[in-house]
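# Summary of the model geometry
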Amino acid sequence: MGRPFGGPVPDPALRLSRIEKRYGGTVAVAGIDLDVADGEFVTLLGPSGCGKTTTLGLIAGFFPPTSGEIYLKGKPVADLPSFRRDIGVVFQDYALFPHMTVAQNVAFGLRMRKVGASETATRVNQALDLVKLGGFGDRRPLQMSGGQRQRVALARALVINPAVLLLDEPLSNLDLKLREEMRVEIVSIQRRLGITTVFVTHDQGEALVMSDRIAVMNHGRIEQIGDPASIYEAPATRFVAEFIGRMNLLSGTVMPDRAVRIGDTTFAMEVPADIASGAAVHVAIRPERARLTDEHPADGIALPGIVRQVFYLGATREVHVDLPNGERGFVQLHNEGSDAVVATGSAVWLSSSAANCRVLPA
Amino acid sequence: MSSFARWRASRAPWAGLRFVVILVYIFSLGPILITAAVSFNSGNRSFFPPRGLSFRWWERAFTAEWLGPLWFSIKLGSLTALIATLLALPMAFALHRYRFRGRDALVAMTLGPLMLPSLVTGVGLLQLFELLGLREYVGFTALLVGHAVICMPFAVRTVAISLSTLPPNMELAAASLGATRWATLRYIVLPLVKTGVIAGAVFAFIHSFTDVNLSIFLARPGEIPITVKILGFLEFGFAPTLAAVAVITLLLPLVLVAIVERVSGLGDFIYGDRR
């Protein structure tokens, strides 16, 4: 993607420009800008009703946007019907044609493109091999398991070599183990083909594992977009902080000297420039970055508390601590095999280095 | 256990149900079997149980006098089924897919003939044809129009049912794969609602074939459906010939239903394949 000779900036594979979708008075998508680079895997992540599936439908051309433009490889397509756009879609329920065999399902897009019989046969077989369903061509979708149907749907969307592959919660109907297998497999196929992909999910684990970039959506807007690590490490809003992973959120106030006061103690930490002094904030600390100690630690922030509950989770223990200001914090401790169990009711210090604290607008 | 629950758990309700079912069978199949038996009488009168055994009434049934109206009814029914189904398809699509002003009125008009006595439709159509100066079309054409009207509700219903059992996202999936609206209809939607369409056509045919209320007003000499012919013949009393003819007209729809059931599974409108 570099431009060694400094030519014009190449068009992104997909660009959404101020896309909006309203149904009567309801705003489903409230103005989205998004560029997806060639070969990139971008996830639209958010709770149900956040507009992610509507956005996918707009890209696919299932309904027109109220305003805004969509560009596929630089060409505006917002006015084009779905069948004139160069897209492949995998639906949540797979939407395989029940009256056709697996091979006929996969061949359908080629048939619509009037590809010759022998080339169709070759490409259908390649696509089925790609999803490890070689030899299943004569089956009917209804004779297959959920995981196999999912693969057929993927093959059907890929065989036409679309400019963009759109995946609408394709894993949510699979059981846990299969879902984790398919995550890896979809990503490996996507990387191998280098196909530009937009993936919709409400599952933050899926989003973190699979994506090059994640767009976290809420109320029809993108709250934050970035690579998985930056979304997880540096959430920009309280919503993102709580939606991705788990988070301690401690109420505080920004003091005139840009330190943050939590309860009746003031701690030095980095406060984003756009948060004014005197503003109420949340100090966000990941539970796996927080520490529990008997003594007051030498540096960072530390709050005294009483251990309320200890949950045994196998790989970790989760310790919930009542803090003096009435809030509750929690810490994840790795299970390292020692018997040093924190006792319920004991007095502890919940602490963290200042670097692991994020200050978010309240 | 309450007394009601005990009663439910006992065999009493099943015995009662069995009794009712047996009664239904006796009253629906009994007359047919009696009619069939009567047609084999050897004498001139319709005795039951039949006296003697002969096929002379069957021979008489297979003459032009009866085969003519029978063939007329088959033609009328087939054409009715075709027209009613062709009209029902877009109608059912529109009613299923869109919410528009006047939709309820359209539903009422489409399904109205189900509620309305076809006798009334028959009288009305006869007067309409005369009013429009189309008297000479009374006969096959008027019958066809009338039958299409009274048979369409069946086709609309069955097509609508199969449309509503269409799996979600079928059309979107087809569109995403490059299928135009027409191609989607041709390769995806129609094959999936095929059973409902066939069922609708069969019901339309049978309803047309067995109709007498409407036909009686719109027939004319030489263009008489078999039902009207039978009714007319009855004025001279019941002869064993009539029993033979009745059996033929009864068997024809039955055979049709059996064939279609075999080929496409009439009863099941669910989701393309039979499980």
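Please read all numbers here as calculations on a predicted model, not as lab measurements.

All right, on to the layout of surface pockets then. Residue and element names in this part refer to chain B. Put simply, the largest pocket is a space of about 580 Å³. Along the wall of the largest pocket there are 24 residues; nearest its centre are Arg 97, Tyr 98, Glu 171, Ala 175 and Arg 181. Of all the secondary structure elements, the ones that give two or more residues to the lining of the largest pocket are α4 (64–97), α8 (170–176) and α9 (181–210). Here the lining of the largest pocket is built from residues that sort into 15 nonpolar, four polar and five charged. Lining the second largest pocket are 19 residues; nearest its centre among them are Thr 210, Ile 230, Ala 246, Thr 249 and Leu 250.

Facing the 22 residues of chain A at the interface are 22 residues of chain B. Both sides of the chain A and chain B interface together cover about 2000 Å² of buried area, and 73% of this is carbon and sulfur. Here chain A and chain B share four residue pairs in polar contact (both at pLDDT 80 or more) between them. Looking at the side of chain A that touches chain B, the elements with two or more residues in it are β6 (87–90) and α2 (102–112) of chain A. Here the side of chain A that touches chain B takes four residues from α2(A), the largest share from any one element. Looking at the side of chain A that touches chain B residue by residue, the class counts come to 14 nonpolar, three polar and five charged.

Our focus in this paragraph is the environment of A:Gly146. Residues and elements named next belong to chain A. Positionally, Gly 146 belongs in helix α4 (residues 146–158). Judged by relative accessible area, Gly 146 falls into the partly exposed class, the value being 31%. Separated by 90 residues in the primary sequence, Gly 146 and Ala 236 place their C-alpha atoms 37 Å from one another. Ignoring any residue separated from it by four or fewer positions in sequence, one finds Gly 146 in contact with Tyr 94 and Leu 174.

Contact geometry of α2(A) with α9(B) gives a least axis separation of 13 Å together with a crossing angle of 150°. Here α9(B) runs roughly antiparallel to α2(A), going by the angle between their axes. Between α2(A) and α9(B) lies a crossing whose hand is right-handed. Of α9(B), the residues touching α2(A) (which contributes A:Phe108, A:Arg111 and A:Met112) are B:Ala183, B:Tyr187 and B:Ile188. Along the lines of polarity and charge, the residues of the contact of α2(A) with α9(B) split into five nonpolar, no polar and one charged.

What counts and what doesn't
Residues numbered from 1 in each chain as written. Chains lettered and ligands numbered in written order. Predicted model: local features only at pLDDT ≥ 70, side-chain atom pairs only at ≥ 80, totals over all residues. Heavy atoms only, no water. 1 Å grid on protein atoms, 1.4 Å probe; cavity = no way out; pocket = protein on both sides within 12 Å on 5 of 7 lines; lining within 4 Å. Points joined across faces, edges and corners; volume = space filled by probe spheres on them. Helix = DSSP H or I, 4+ residues; strand = E, 2+ residues; numbered from the N terminus. Nonpolar A, V, L, I, M, F, W, Y, C, P; charged D, E, K, R; others polar. Contact = heavy atoms within 4.5 Å. Buried area = accessible area lost by both parts, 1.4 Å probe. Polar contact = N/O pair within 3.5 Å; in protein donor to acceptor, adjacent residues only side chain to side chain. Buried < 20%, exposed > 50% of the residue type's maximum accessible area, 1.4 Å probe, protein only. Axes fitted to C-alpha atoms, helices over the stretch in contact; angles between N-to-C directions. Parallel < 35°, antiparallel > 145°, perpendicular 65-115°, else oblique. Left-handed = near helix turned anticlockwise from the far one by under 90°.

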